[in-house]
Amino acid sequence: MSTIDILLVEDDPRDLELTLRTLKKNNIANHIFVARDGAEALAFLQSGSAQPRLVLLDLKLPKVSGLEVLTQIRQNPATKDTPVVILTSTDDQPEIDACYRLGANSFVRKPVDFAQFTEAVRQVGVYWLLLNQPPKAGQP
Amino acid sequence: MEPRPTGSRRRIVAIAALGALITLGTVAVVYTQECKANQLRVEKIAAQLTHQSHERIERARLALDLLVAFFRCSDEVTTAEFDQFVAHILQSDFCVSWIAWRPAEIDRGPVMGRPEHQTAAMRTAMQELPPLAGTDHTAEVRGRGPETILLLRQNVFSLGTENGRPQGEALIAIDTSAALSQTLDEAGTHGLQLVLRAVGNAASPTPIQVHPAPAAIRATDQTPDMLAIVAPDRFEFGGRSFEVFCNLPSGNLDASTPLTWLALVIGTLATWWVTRGFSSMQRRHQYAEHLVAERTQQLAEANHALELRVAERTAELEQAHRELESFSFSVSHDLRAPLRAIDGFAGMLEEDHGAALDADAQRLLGVIRSSSRDMSGLIDSLLRLSRLGRHALQPTQVNVHTMVTSILAELRAATPDLRAEVELGNLGMVHADATLLREVFRNLIGNALKFSSKTTAPKVSIRRCDTDDTPSFAVQDNGAGFDPAFANKLFTPFQRLHRADEFEGSGIGLALCQRIVAMHGGHIEAHGQPGMGATFQFHLGALARPHS
């Protein structure tokens with residue numbers, strides 16, 4: 001089973017382009033799998049073809065919502081410890097609370113400002129892929 | 001009208017029965033009293049009559065005694081002497097109407113000096129008496145003449161000389177006229193009859209007669225079929241005993257009872273009136289109850305309808321609220337995404353191809369990017385304003401001094417080139433929602449710093465200025481100020497008094513402040529002059545008063 005760096009779940013092509021460009025420009029991730037909706041993300045995870053080191057998850061997604069995807073990730077023994085960072089437009093407090101309750105590791109609101117946006121994505125990538133020490137995969 | 005319930009009918013019957021009972025009781029008492037009064041009256045009259053009769057008979061007996069004495073004094077009484085004696089008796093107050101003398105032996109001839117029709121009656125009366133033994137004589141009668149008289153007979157043998165030689169027998173008529181007649185008339189109205197009765201020895205000749213015999217007086221030597229004997233009295237006359245009393249042949253002492261009839265009529269009328277009044281009151285009461293029940297029913301229906309409407313409106317409101325929340329989410333998510341793309345792609349263009357663009361193209365890109373950032377700010381402000389409406393007030397004791405110090409530190413960190421001199425008064429404690437109060441101070445202090453930033457010696461003062469019991473605060477600066485004519489517009493959302501290139505801002509901060517202060521039951525006011533600085537003063541109102 002191979003490993004990828006990031007599973008990026010994002011339906012907006014413009015946000016997707018901005019995020020990918022930032023990650024690549026900063027040499028944070030080489031292997032990125034992009035899912036354009038919740039169903040695609042779940043299908044990828046359930047196929048077991050590769051385990052992501054980090055999931056960047058938007059909440060407002062077609063077909064299956066981000067919260068549902070998060071729930072499935074935490075229920076799957078293979079991915080229950082995988083860091084999941086919510087990257088979305090809203091900063092509604094109940095929404096934030098729900099995400100943490102379901103096991104999200106971090107919640108970041110996408111800034112509108114280009115510079116702030118790229119900085120936010122860069123910091124998230126650096127922290128979770130370079131600084132953070134994950135537990136050993138597959139352990140209970 | 002509704003049929004009268006059984007209970008009510010029973011009450012009316014009870015009242016009528018009670019009235020009848022009271023009436024009958026009253027009538028009985030009045031009747032008893034009246035009977036007693038009647039009896040007393042009759043007894044009084046009877047006693048008077050008996051007494052008067054007795055008195056007259058007593059006087060007549062005196063006259064008889066005198067007559068007996070007169071005959072004893074003379075061996076042979078002449079007619080002239082007898083006439084003289086009788087004249088003397090009649091002139092005196094002996095109640096004697098006339099006196100007849102029947103000589104024992106001598107026929108004296110007709111009565112002298114009297115009209116024949118008068119003397120005839122006297123003679124008849126005399127002759128009705130049993131004759132003297134072995135004699136047949138006419139009588140000498142002297143007197144005023146009869147009206148109603150009592151004839152009293154002296155024992156024949158009592159009229160004699162001192163040595164016992166008989167001279168005849170005499171008859172004395174008692175005058176019953178004048179006062180006695182009047183009493184007799186009165187007694188007659190009550191059905192009373194005066195009775196004179198000889199007691200014992202019924203076989204001997206009747207010693208007393210009434211002449212002529214009127215219904216009001218009765219003389220007898222037998223026991224009559226009496227109904228009631230009233231005021232009996234006894235007397236002696238000529239050696240015999242007599243009873244005088246009143247008889248009440250009808251026995252009706254209850255004859256006169258007008259008060260009883262009056263009581264009966266008044267009682268019946270009163271009972272009828274009270275029963276009728278109560279019945280009418282009952283009807284009114286029932287009608288009132290009926291009305292109340294009807295109104296209560298109507299009220300209940302109206303209430304029910306109102307409740308339904310309230311529920312309907314509540315549902316509508318809840319729906320509107322859900323739509324507003326959904327709108328807020330859309331604003332937050334859907335409006336920001338395209339803005340991010342605008343700024344992001346402009347940014348990429350600037351980064352990747354900036355070198356290929358001339359200065360004007362770069363300026364144009366800059367305008368695009370700053371506009372998108374402005375709009376982002378506006379959207380955030382709008383969100384904050386709309387979320388405020390859903391914020392439930394959570395008041396706690398807040399140390400305002402600590403809060404303001406912390407806000408100043410934040411603002412200094414965000415704007416390192418801050419030159420303003422900040423003066424802090426003693427701000428103390430206040431009872432308020434800490435998050436919201438922080439928003440107010442952050443906006444007001446931020447504004448004060450912003451609008452004084454272009455002044456040569458910027459100065460901001462934050463102080464407490466309670467009025468009465470109301471916690472109040474003032475934030476003052478010496479900056480750009482404003483035209484007081486537009487003071488009211490300051491608190492309208494998105495309303496700005498300065499151009500965006502002078503002082504940036506969304507125009508939402510003061511609107512937020514006003515809403516928060518209003519949520520605490522207070523108000524905010526602004527004072528200022530162009531170029532002379534501004535003072536914002538807010539009063540927190542009743543909600544923020546310190547607990548005593």
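Data block above holds the structure.
Since the model is a prediction, treat every value here as computed from it, not as a measurement.

**Remarks on the overall build of chain A**
In terms of helices and strands, chain A carries five helices and five strands. Taken from N to C terminus, the helices and strands of chain A fall in the order β-α-β-α-β-α-β-α-β-α. Within chain A, the proportion of its 140 residues that are buried is 53%. Partitioning the contacts of chain A with sequence separation of at least 6, the portion at a separation of at least 24 is 66%.

**Some points on the interface of chain B and chain A**
Across the boundary between the two partners, chain B contributes 24 residues, which contact 23 residues of chain A. If you look at where chain B meets chain A, you find six salt bridges. Asp15 of chain A is the salt-bridge partner of Arg340 of chain B, the closest N and O atoms lying 2.7 Å from each other. Linking chain B with chain A are eleven residue pairs in polar contact (both at pLDDT 80 or more). With 17 residues, the single largest contributor to the side of chain B that touches chain A is helix α5 (residues 258-353) of chain B. Residues that form the side of chain B that touches chain A fall into these classes: eight nonpolar, six polar and ten charged.

**Thoughts on the environment of Val86 of chain B**
Mapped onto the elements, Val86 of chain B comes out in helix α2 (residues 79-91). By relative accessible area, Val86 of chain B is classed as buried at 2%.

**A short note on the packing of helix α6 (residues 359-388) of chain B against helix α9 (residues 509-519) of chain B**
All names here are of chain B. Where α6 meets α9, the axes come as close as 10 Å, and the angle between the chain directions of the two elements is 10°. It follows from the interaxial angle that α6 and α9 lie roughly parallel. Two secondary-structure elements touch here, α6 through Arg384, Leu385 and Leu388 and α9 through Ala511, Leu512, Arg515, Ile516 and Met519. A class-by-class count of the residues in the contact of α6 with α9 yields six nonpolar, no polar and two charged.

**Notes on the nonpolar core**
All names here are of chain B. Judged by nonpolar contacts, the single largest core of 41 residues is most densely connected at Leu437, Phe441, Leu444, Ile445, Ile462, Phe536 and Phe538. The greatest single-element share of this core, amounting to eight residues, is contributed by helix α8 (residues 434-452). When near neighbours in sequence (up to four residues on either side) are disregarded, Leu437 contacts Val398, Val400, Met403, Val430, Ala432, Phe538 and Leu540. Core analysis: the next-biggest nonpolar cluster, separate from the first, contains 37 residues, Ile57, Ala60, Leu192 and Val230 among them.

**Concerning the packing of α8 of chain B against α9 of chain B**
All names here are of chain B. At a minimum axis separation of 9 Å, α8 and α9 run at an interaxial angle of 145°. Judged by the sense of rotation from one axis to the other, the crossing of α8 with α9 is left-handed. Only Gly509, Leu510, Leu512, Cys513, Ile516 and Met519 of α9 make contact with α8, whose side of the interface consists of Leu436, Glu439, Val440, Asn443, Leu444 and Asn447. In terms of residue class, the contact of α8 with α9 is made up of eight nonpolar, three polar and one charged.

**What to know about helix α1 (residues 13-25) of chain A**
Residue and element names in this part refer to chain A. End to end, α1 covers 18 Å across 13 residues, agreeing with the expected 18 Å (1.5 Å per residue, within 8%). All buried positions along α1 are accounted for by Asp15, Leu16, Leu18, Thr19, Leu20, Arg21, Thr22 and Leu23. Taking the backbone nitrogen of Arg14 as reference, a side-chain oxygen 2.8 Å away marks Asp12 as the first, capping residue of α1. The first or second residue beyond α1 is Asn27, which carries a positive phi of 55°.

**Quick word on unusual backbone geometry**
All names here are of chain A. Backbone geometry at Asn27 places phi at a positive 55°, although glycine is not the residue there. You can call Asn27 exposed: its relative accessible area is 66%. Phi is positive for Lys63, which is not a glycine, with a value near 65°. Residue class for Lys63 comes out exposed when judged on its relative accessible area of 72%.

**Overview of helix α5 (residues 114-131) of chain A**
Given 3.6 residues per helical turn, the α-helix brings residues three or four places apart onto the same face. Residue and element names in this part refer to chain A. When the terminal C-alpha atoms of α5 are compared, their 24 Å separation across 18 residues agrees well with the 26 Å that a helix rising 1.5 Å per residue should span. For α5, the set of buried residues is Phe114, Phe117, Thr118, Ala120, Val121, Val124, Gly125, Trp128 and Leu129. Relative to the axis of α5, the buried residues are bounded by an arc of 160° and lie together on one face. In α5, the exposed positions angled more than 90 degrees off the buried face are occupied by Leu130 and Leu131. Of the residues that open α5, the one with a side-chain oxygen 3.0 Å from the backbone nitrogen of Ala115 is Asp113.

**Focus on the side chain of His431 of chain B**
All names here are of chain B. Here His431 is to be found in strand β12 (residues 429-433). The class of His431 is buried, set by a relative accessible area of 13%. A distance of 3.2 Å separates a polar atom in the side chain of His431 from a polar atom in the side chain of Gln397.

**A word on the pattern of salt bridges**
Working definition: two side chains of opposite charge can pair if their charged atoms are close together. The tally for this structure, following the rule as stated, stands at 26 salt bridges over all chains. A salt bridge links Asp12 of chain A to Arg14 of chain A, with the nearest nitrogen and oxygen atoms 3.1 Å apart. Among the residues examined, Asp12 of chain A registers a relative accessible area of 12% and is labelled buried. With a relative accessible area of 34%, Arg14 of chain A lands in the partly exposed category. With a shortest N-O distance of 4.0 Å, Asp343 of chain B and Arg373 of chain B are connected by a salt bridge. Of this pair, Asp343 of chain B sits in helix α5 while Arg373 of chain B sits in helix α6, placing them 30 residues apart in sequence. Connected via shared salt-bridge partners are Glu10, Asp15, Asp58 and Lys110 of chain A together with Arg340 of chain B.

**Some thoughts on the sheet that holds strand β14 (residues 472-477) of chain B**
Residues and elements named next belong to chain B. If you walk across this open sheet you meet the five strands as β11-β13-β14-β16-β15, and the pairing is mixed. Two strands lie at the open edges of the sheet, namely β11 (421-424) and β15 (523-528), each paired on one side alone. Between one strand and the next, the sheet's axes are offset by a mean angle of 10°, whatever the strand orientation. Sheet topology places β14 next to strand β16 (residues 534-539); six bridges connect them, and they run antiparallel.

Reading the values: the criteria
- Residues numbered from 1 in each chain as written.
- Chains lettered and ligands numbered in written order.
- Predicted model: local features only at pLDDT ≥ 70, side-chain atom pairs only at ≥ 80, totals over all residues.
- Heavy atoms only, no water.
- Helix = DSSP H or I, 4+ residues; strand = E, 2+ residues; numbered from the N terminus.
- Buried < 20%, exposed > 50% of the residue type's maximum accessible area, 1.4 Å probe, protein only.
- Contact = heavy atoms within 4.5 Å.
- Salt bridge = Lys/Arg side-chain N within 4 Å of Asp/Glu carboxyl O.
- Polar contact = N/O pair within 3.5 Å; in protein donor to acceptor, adjacent residues only side chain to side chain.
- Nonpolar A, V, L, I, M, F, W, Y, C, P; charged D, E, K, R; others polar.
- Axes fitted to C-alpha atoms, helices over the stretch in contact; angles between N-to-C directions.
- Parallel < 35°, antiparallel > 145°, perpendicular 65-115°, else oblique.
- Core = buried A, V, L, I, M, F, W, Y, C linked by side-chain atoms within 4.5 Å.
- Left-handed = near helix turned anticlockwise from the far one by under 90°.
- Expected span 1.5 Å × (residues − 1).
- Arc of directions from axis to C-beta.
- Pairing = 2+ DSSP bridges.

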